[in-house]
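Letter by letter, the chains look like this.
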Number of protein chains: 2
Amino acid sequence: MQQKIIPDIVIGRLPLYYRALQRMSSKGHTVTSSQELADTLGISAAQIRKDLSQFGEFGKQGTGYNVEYLADQLKKILKIDHVWDMVIVGAGDVGSALARYQGFQDRSLRVKMIFDSDPLKIGKELGNFIVKDISTLIDEIKKEGIKIAIIAVPENEAQEVTDTLIKAGIKAILNYAPIHIAVPPEIRLQCIDPALHLQRMTYYL
Amino acid sequence: MQQKIIPDIVIGRLPLYYRALQRMSSKGHTVTSSQELADTLGISAAQIRKDLSQFGEFGKQGTGYNVEYLADQLKKILKIDHVWDMVIVGAGDVGSALARYQGFQDRSLRVKMIFDSDPLKIGKELGNFIVKDISTLIDEIKKEGIKIAIIAVPENEAQEVTDTLIKAGIKAILNYAPIHIAVPPEIRLQCIDPALHLQRMTYYL
DNA sequence: GTAGACTTGTTACTAAAAGCACTAACAAAT
DNA sequence: ATTTGTTAGTGCTTTTAGTAACAAGTCTAC
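Remember, predicted model here, so these are calculated numbers, not experimental data.

Procedures and definitions
Residues numbered from 1 in each chain as written. Chains lettered and ligands numbered in written order. Predicted model: local features only at pLDDT ≥ 70, side-chain atom pairs only at ≥ 80, totals over all residues. Heavy atoms only, no water. Pairing = 2+ DSSP bridges. Helix = DSSP H or I, 4+ residues; strand = E, 2+ residues; numbered from the N terminus. Contact = heavy atoms within 4.5 Å. Axes fitted to C-alpha atoms, helices over the stretch in contact; angles between N-to-C directions. Near = heavy atom within 4 Å. Polar contact = N/O pair within 3.5 Å; in protein donor to acceptor, adjacent residues only side chain to side chain. Nonpolar A, V, L, I, M, F, W, Y, C, P; charged D, E, K, R; others polar. Least-squares fit on C-alpha atoms with pLDDT ≥ 70 in both. Buried area = accessible area lost by both parts, 1.4 Å probe. Salt bridge = Lys/Arg side-chain N within 4 Å of Asp/Glu carboxyl O. Parallel < 35°, antiparallel > 145°, perpendicular 65-115°, else oblique. Buried < 20%, exposed > 50% of the residue type's maximum accessible area, 1.4 Å probe, protein only. Arc of directions from axis to C-beta. Left-handed = near helix turned anticlockwise from the far one by under 90°.

### Thoughts on the sheet that holds strand E3 (residues 64–66) of chain A
All names here are of chain A.
Right, so step 1: Pairing within the open sheet is antiparallel, and its 3 strands lie in the order E1-E3-E2. Because the sheet does not close on itself, it has two edges, and the strands there are strand E1 (31–32) and strand E2 (59–60).
Right, so step 2: Here E1 pairs with E3 via 2 bridges, running antiparallel. Looking at E3, one finds that Thr 32 is bridged to Tyr 65.
Right, so step 3: Across the face of the sheet, helix H4 (residues 67–77) comes into contact with E1 and E3 while running at roughly 75 degrees to E3.

### Concerning the protein's contact with DNA strand C
Right, so step 1: The local shell around DNA strand C holds 25 residues, among which Lys 50 and Gln 61 of chain A together with Ser 34, Gln 61 and Tyr 65 of chain B are the closest.
Right, so step 2: Considering the 4 Å shell around the protein, atoms of DNA strand C inside it are sugar or phosphate in 68% of instances.
Right, so step 3: Contacts to DNA strand C include Arg 13 of chain A, whose side-chain N or O atom sits 3.1 Å from a phosphate oxygen.
Right, so step 4: Secondary-structure elements contributing two or more residues to the surface near DNA strand C are helix H1 (8–26) and helix H3 (45–53) of chain A together with helix H3 (45–53), strand E2 (59–60) and strand E3 (64–66) of chain B.
Right, so step 5: Looking at the surface near DNA strand C, its residues break down into 4 nonpolar, 13 polar and 8 charged.

### As for the relation of the copies chain A and chain B
Right, so step 1: Of the two same-sequence chains, chain A is brought onto chain B (RMSD 0.0 Å, axial shift 0.0 Å) by a rotation of 180 degrees. As the rotation angle and translation indicate, the two copies are arranged about a two-fold axis. If distances are taken from each C-alpha of chain A to the rotation axis, the shortest is found for Ala 97 of chain A, at 3.2 Å.
Right, so step 2: Interface overlap between copies: 100% of the residues of chain A at the interface are likewise at the interface in chain B, consistent with a symmetric, same-surface contact.

### Some points on the interface of chain A and chain B
Right, so step 1: The partner chain B presents 60 residues to the 60 residues of chain A that form the contact.
Right, so step 2: Carbon and sulfur atoms make up 63% of the area that chain A and chain B hide from each other, which totals about 5800 Å².
Right, so step 3: Scanning the region where chain A abuts chain B turns up 10 salt bridges.
Right, so step 4: With a closest N to O distance of 3.2 Å, Arg 100 of chain B and Asp 93 of chain A form a salt bridge.
Right, so step 5: Linking chain A to chain B there are 22 residue pairs in polar contact (both at pLDDT 80 or more).
Right, so step 6: Mapped onto the side of chain A that touches chain B, the elements with two or more residues apiece are H1, helix H2 (34–41), strand E4 (84–89), helix H5 (93–100), strand E9 (148–151), strand E10 (172–175), strand E11 (188–191) and helix H8 (194–202) of chain A.
Right, so step 7: Across the side of chain A that touches chain B, the residue classes break down as 37 nonpolar, 10 polar and 13 charged.

### Some remarks on the packing of H1 of chain A against H3 of chain A
Residues and elements named next belong to chain A.
Right, so step 1: Where H1 meets H3, the closest approach of the two axes is 10 Å, and the angle between their N-to-C directions is 105 degrees. Relative to H3, H1 is oriented roughly perpendicular. When H1 is examined against H3, the residues Val 10, Arg 13 and Tyr 17 are found in contact with a partner set consisting of Gln 47, Ile 48, Asp 51 and Leu 52.
Right, so step 2: When its residues are assigned to classes, the contact of H1 with H3 shows 4 nonpolar, 1 polar and 2 charged.

### Things to note about H2 of chain A
Residue and element names in this part refer to chain A.
Right, so step 1: The complete set of buried residues in H2 reads Ser 34, Leu 37, Ala 38 and Leu 41. Along the axis of H2, the buried positions cluster into a sector of 105 degrees, meaning they face one direction only.
Right, so step 2: Where H2 is buried, its residues contact H1, E1, H3 and E3.
Right, so step 3: Of the residues flanking the end of H2, it is Gly 42, one or two places downstream, whose phi is positive at about 75 degrees.

### Some thoughts on the packing of H8 of chain A against helix H1 (residues 8–26) of chain B
Right, so step 1: Direction vectors running N to C along H8 of chain A and H1 of chain B enclose 130 degrees, while the axes themselves pass 9 Å from each other. Taken together, the axes of H8 of chain A and H1 of chain B are oblique relative to one another. Two packed elements cross with a definite hand, and for H8 of chain A against H1 of chain B that hand is right-handed. Mapping the contact onto sequence places Leu 196, Gln 199 and Arg 200 of chain A in H8 of chain A and Asp 8, Ile 9, Ile 11, Gly 12, Pro 15, Leu 16, Tyr 18 and Arg 19 of chain B in H1 of chain B.
Right, so step 2: Split into classes, the residues belonging to the contact of H8 of chain A with H1 of chain B amount to 6 nonpolar, 2 polar and 3 charged.

Shown next as structure tokens:
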């Protein structure tokens, strides 16, 4: 159904556009232009127009884009027109912060469960959750049909947890462990390692 | 002194190589090859060789790279042959998790101070730190000569905090606030927004 | 000492992404 | 009705990034 293949780099920018539109909308703006978005985001107006035109014609020449309408279209494209449940694996500092993170609200994302292997943590309260035993992970994920997981375990456990998650039917993984994990090509993977981001900048200092 | 301009995308991969080498080193490996690194990282061997050759000839034909030596060279290139002190602004969940984060150890990064504007948080203990008053931020940063900052404040305060940090002499910023912040071109900026990473993957589900 | 298997650094080539410029459409003011 | 300024969408050009192939150096086994 997707006629031409859209480059992943374009897909990567869409959430950025959506985030800006949400903010405009909450401020009461009803229309915007590629130029205004460009100024807001630090991306060229031509780039934004080209990206959006890959998916259809959402704007009106001379007028611009209707904020609500464009946001709605992006929601459909990104499949965030409904809430996605997620699991967190690892109830350490990072996992805990993510479990309490308010930034998923209003962005079609919701933490559903959190797992750990440490008997001292299992059963404990954490935010609105009770930490579950990692040995029940496959069953719980399958039962709920969850497709997205966040890994927040030590690096030496990350690959094993990944393999288990994939067995459970997880299709997208956000990895906070500071190590490269291997996944089959059909599994989506994104990594966050603050030290990596920081070391990328020290070169220029 | 830097003869040719190295693309930023190349700089971005160097910390990845360094991380892999650190791991190899801790496992006792003394030599490696572009092929082994490629397998470890999921990047092509040719790519790795080309990236490294931008900075010099670090390997030996037929043999490969000496792990310690290459790691050392990368440390020099990335200027992480000494520890960089950092400040965190915002002592909420994200800031707290970062203040306690163990992943900066052994990676030439160290949190030195944490600030907040909330009187209820100022003066409180947090990990090994006492949360400082944000109104003292400029003085404290200047006094210590700190160049790197992590922003972990709500989105509506992020731009103001950014401007203050730059006044204080900060040259590199890691932004956790879910909003685009504007900085002058000479300031390095990296952003981490987990929702953005996740929404990038939902498209494919 | 030599054959053969490895591995680097480099060059030539291919593919992808971004930038630019232009056309057509629309709105508002006169 | 006409003019002016604005803006989307698109094709073309330039730039950038990645891949593949190869010569030259190194090591090991015999």
